[in-house]
Amino acid sequence: MKPRRFHGLKRPKLRQSWNKYNLYNLATARDPKIATNGAATFFQQKWTAKGLLRTYHGEHIVERKWERMFNRRLLSVVGMDTKYMAANDGSELAAGRGSGKDTPPTWDKDEVGKRGSTPYMQMTFAPMERRLDIAVFRAMFASSARQARQFCVHGAVKVNGKVVPYPAYRLNPGDMFQVDPERVLYATGMPKQPPKDQKRPSSLAEESEEATEEAVEAAAEEDPADQAAEIEQDPDTTDAPEAAPLDMKPTRKQIQDLTDQAKTVLAEQRLGVAQKKNLRKFVQSSKLLMSRTGRSDASPTEITDELATLVAELDLGVGQDKNKPAATGGGASSSSSDAIASLTNSQLRELEQRLEEHMREEQENPYDPSKPYVTPWRPRNYMSPFAFIPKYLEVNQNTCSAVYLRHPVARKGSAEVPTPYGLETSQLAFNWYLRRR
C-alpha cells in the first residue's frame, strides 16, 4: 500500500513544519466556515473543527494523551488602568443597574465603537505549548515539531542542565532548555545536496545489503598473514603513511572574496585615472597569490600569512601624507603599497573596513566540508515566514537556549497560542473536548 503524502496540495492539511508545501497551504488557507453550514449538525461541526485543529496542534501525539492534557480552565489577563485603580476602590463596579452610578449611554453618536473582546477560545491548545518538543519548535531550534521530538529522543536537549529524552516533558515557569548547537545549525541551515554522480539506494534494505556485501568482499580479499603483521607493528617504529593533499579551497575562496571587495570599491567610488591604475595592480597581485594555491607544494599557512601581509599594508596607507614618498620595495608588495598610497584616507578606511568584516565573517563562519549542512552556514529557504517567537519564551540564539517564562495567556484582542484557525473553529473544538454531547 502506497503511503499518503504528509504535505498534500489537493487535500491540504496545515502542519507545524517549515516545509515549502506547508507554507503554500498556509498562504492559500481559507476560513472553513464550519458553523455557517446549516446542513451539518452541531456534533458534525465540532467533529470537523476538532479534526482540523488536531492536524496542526500536535498531530504526532496520540489523542488519548492530549485528552489527558486538556484543561477547561483558560488562562487570561485583563489590562487595568493604573490611574483608575488608584482613584477608586472598585466598589462602584459592584453597584447594580439603576443605582445612579452607571454612565448613561450617548444616543446622539453616529457610530458606536466595537467592544474589545478577549479570544478565550484560541487558548484551547495552550497545554500543548508546555511540551518540550513543541517549545523547541517554537524557539526556532527545529524546523518541525517532529524534528524537535527527534532531538529530544536522541538526547540533544537539556532542561536545567540535565538531558531530558522525553518529548512529553511539561515545562514549568522558569525552566531553561538548551539544544545542541550542531543540531540547530543542521535543522535551520541549508541542506547539503548529494553529488550528482552518486547513485542513491532505493531503500534502506538495499543500502544495508550493499554495505554488508562490501564488508564481506573486503574481508575476503585481506590476507590473514597481512592482518597478523599489521597487529604486530609498533606505531613508534612504523613509517607514517603519506599525508593527504591539503585542501586549498577555503584559502582560494578567501582570496577571491577579498579581490571582489576591492573590485567593488573600484566600481562604486569615484577615483582618478592614476588611482584606478594602481588599484588594478593591487587586484592583480592578489590574483598572482591565488595562482600559487594551485601548486602541489602550496601551504595554506604561507598563503594566509602573505594574504594577511597584503591586508596589513592597507593599514600603512591610512594617514600618510600624499607628498611623502612611498617605501621602495620589489615585486608585488611595492606595487600594492603604491596603489594604497595613491588612494584617499576615506577610500582606504572603507576598503579596510570591508576587508576586516569579511575576514571576521570567514573566522566566525568558516568552510567545513565535514559538516552535514552547507558551509559557510546559510539559513534554509522558506524560513522567514515562520520566524516568530511567542512572548512566553525568552530565546538566546547565540547559546541555542531558551527560558519558559510563564504559561501562555489570552489578552484583550489577542491570544498567545499560535494557530492558523479562527475563533469559531477553536470554540467548536473546545466544546468537543468539554464532553457535553
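Above this text is the structure in question.
On a predicted model such as this, the values are computed, not experimentally measured, just so you know.

Caption draft 1: Structural detail: the overall build of the protein chain. Of regular secondary structure, the protein chain possesses 15 helices and 7 strands. Taken across its 437 residues, the protein chain has 32% of its residues classed as buried. Within the protein chain, contacts between residues at least 6 apart in sequence are counted, and of these 73% link residues at least 24 apart. With an accessible surface of roughly 29300 Å², the protein chain has 51% of that area assigned to carbon and sulfur atoms.

Caption draft 2: Structural context of the nonpolar core. L132, V136, F141 and F177 are the most contacted members of the largest nonpolar core, which has 29 residues in total. Elements that contribute at least two residues to this core include exactly helix 5 (132-138), helix 6 (145-153), strand 1 (157-159), strand 3 (175-179), helix 7 (181-188) and strand 5 (401-404). A total of 4 residues in this core trace back to one element, the largest contributor, which is helix 5. Not counting residues within four places of it along the chain, the set of residues in contact with F141 comprises V136, F151, F177, V179, V184, A187, V395, N396, Q397, C400, S401 and A402. Within the second largest apolar cluster, 23 residues are counted, among which are Y56, M123, A429 and F430.

Caption draft 3: Expanded view of the pattern of salt bridges. In this structure the tally under the stated criterion is 9 salt bridges. A salt bridge links E63 to R54, with the shortest nitrogen-to-oxygen separation between them at 2.7 Å. Salt-bridge contacts for K371 lead to E182; the nearest nitrogen and oxygen are separated by 3.3 Å. Of this pair, K371 sits in the loop between helix 14 (345-364) and strand 4 (393-396) while E182 sits in helix 7, and the two are 189 residues apart along the sequence.

Caption draft 4: Fine view of the sheet that holds strand 4. Strand order across the open sheet formed by 5 strands is 2-1-3-5-4, with antiparallel pairing between neighbours. With partners counted over all chains shown, the strands left at the sheet margins are strand 2 (162-163) and strand 4, one partner each. When strand 1 meets strand 3, the two strands line up antiparallel, connected through 3 bridges. Residue K158 lies in a different strand from strand 3, and its bridge partner there is Q178.

Caption draft 5: View of the pairing of strand 4. Two elements, strand 4 and strand 5, share 4 bridges in a ladder whose sense is antiparallel. Pairing of L393 across the sheet is with Y404, part of strand 5. Adjacent in sequence and paired antiparallel, strand 4 and strand 5 are bridged by 4 residues, among which C400 carries a positive phi angle near 55 degrees.

Caption draft 6: Structural context of a negative patch on the surface. On the surface, E356, E357, E361 and E364 cluster together into a negatively charged patch. Among the structural elements, E357 can be located in helix 14. Owing to a relative accessible area of 36%, E357 belongs among the partly exposed residues under this scheme.

What counts as what
- Residues numbered from 1 in each chain as written.
- Predicted model: local features only at pLDDT ≥ 70, side-chain atom pairs only at ≥ 80, totals over all residues.
- Heavy atoms only, no water.
- Helix = DSSP H or I, 4+ residues; strand = E, 2+ residues; numbered from the N terminus.
- Buried < 20%, exposed > 50% of the residue type's maximum accessible area, 1.4 Å probe, protein only.
- Contact = heavy atoms within 4.5 Å.
- Areas by Shrake-Rupley, 256 points an atom, 1.4 Å probe, with all protein chains shown as cover.
- Core = buried A, V, L, I, M, F, W, Y, C linked by side-chain atoms within 4.5 Å.
- Salt bridge = Lys/Arg side-chain N within 4 Å of Asp/Glu carboxyl O.
- Pairing = 2+ DSSP bridges.
- Patch = residues over 30% accessible without salt bridge, like charges linked within 9 Å, V, L, I, M, F, W, Y side chains within 5 Å.
- Lys, Arg positive; Asp, Glu negative; His and termini not counted.
- Charge placed at Lys NZ, Arg CZ, Asp CG, Glu CD.

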